[in-house]
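# Observations on the three-dimensional arrangement
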Amino acid sequence: CAPSDPEKERSNCEAWYLAMGNTELERSLLLIERALELDPHRPDFLDTKAVILWRLGRLQGAEQAALAAVKLSPSDTYHMWQLERIRVIRADEDNTP
């Protein structure tokens, strides 16, 4: 994450890498929330939030964030794939005895 990037870009970048490392997830969530305060209509930021919430086990929130990303960028197959992946995970958990 380049120090010269705007704050929202740095926050998203750092949040994404923390989520990918499955570390400091609460801090990662704070970072992405800050990025979304600065630019609430960025599908890539919403995708980062979805991944963080998924890692935290908050699947309903993850699905909502992923759906919001798809609505903002309906032709982006990555965002559609991410939403479907989270929905499959949620369905599996809902069917666990």
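Refer to the structure printed above.
Summary of the structure given here. (Residues numbered from 1 in each chain as written. Predicted model: local features only at pLDDT ≥ 70, side-chain atom pairs only at ≥ 80, totals over all residues. Heavy atoms only, no water.)

### Quick word on the nonpolar core
In terms of nonpolar packing, the biggest core is built from 21 residues, with I32 and I52 touching the most fellow members. The biggest single contributor to this core is helix α3 (residues 43–55), with 6 residues. Sequence-distant contacts of I32, defined by excluding residues within four places in its chain, comprise N12, A15, F45, T48, K49 and I52. (Core = buried A, V, L, I, M, F, W, Y, C linked by side-chain atoms within 4.5 Å. Buried < 20%, exposed > 50% of the residue type's maximum accessible area, 1.4 Å probe, protein only. Helix = DSSP H or I, 4+ residues; strand = E, 2+ residues; numbered from the N terminus. Contact = heavy atoms within 4.5 Å.)

### Some remarks on the environment of L31
For L31, the position within the fold is in helix α2 (residues 25–38). Remark: the alpha-carbon pair of L31 and E7, spanning 24 residues in sequence, is separated by 9.8 Å. If we ignore the near neighbours within four places in the chain, the residues touching L31 are S11, E14, A15 and L18.

### Overview of the state of the cysteines
Under the criterion given, the structure shown has 1 disulfide. Each sulfur of the disulfide joining C1 and C13 lies 1.9 Å from the other. Every disulfide takes its handedness from the sign of the S-S torsion; for C1 and C13 that torsion is -85°, giving left-handed. Note that C1 is positioned in the segment before α1 (7–20) and C13 in helix α1, a separation of 12 residues in sequence. (Disulfide = S-S within 2.5 Å.)

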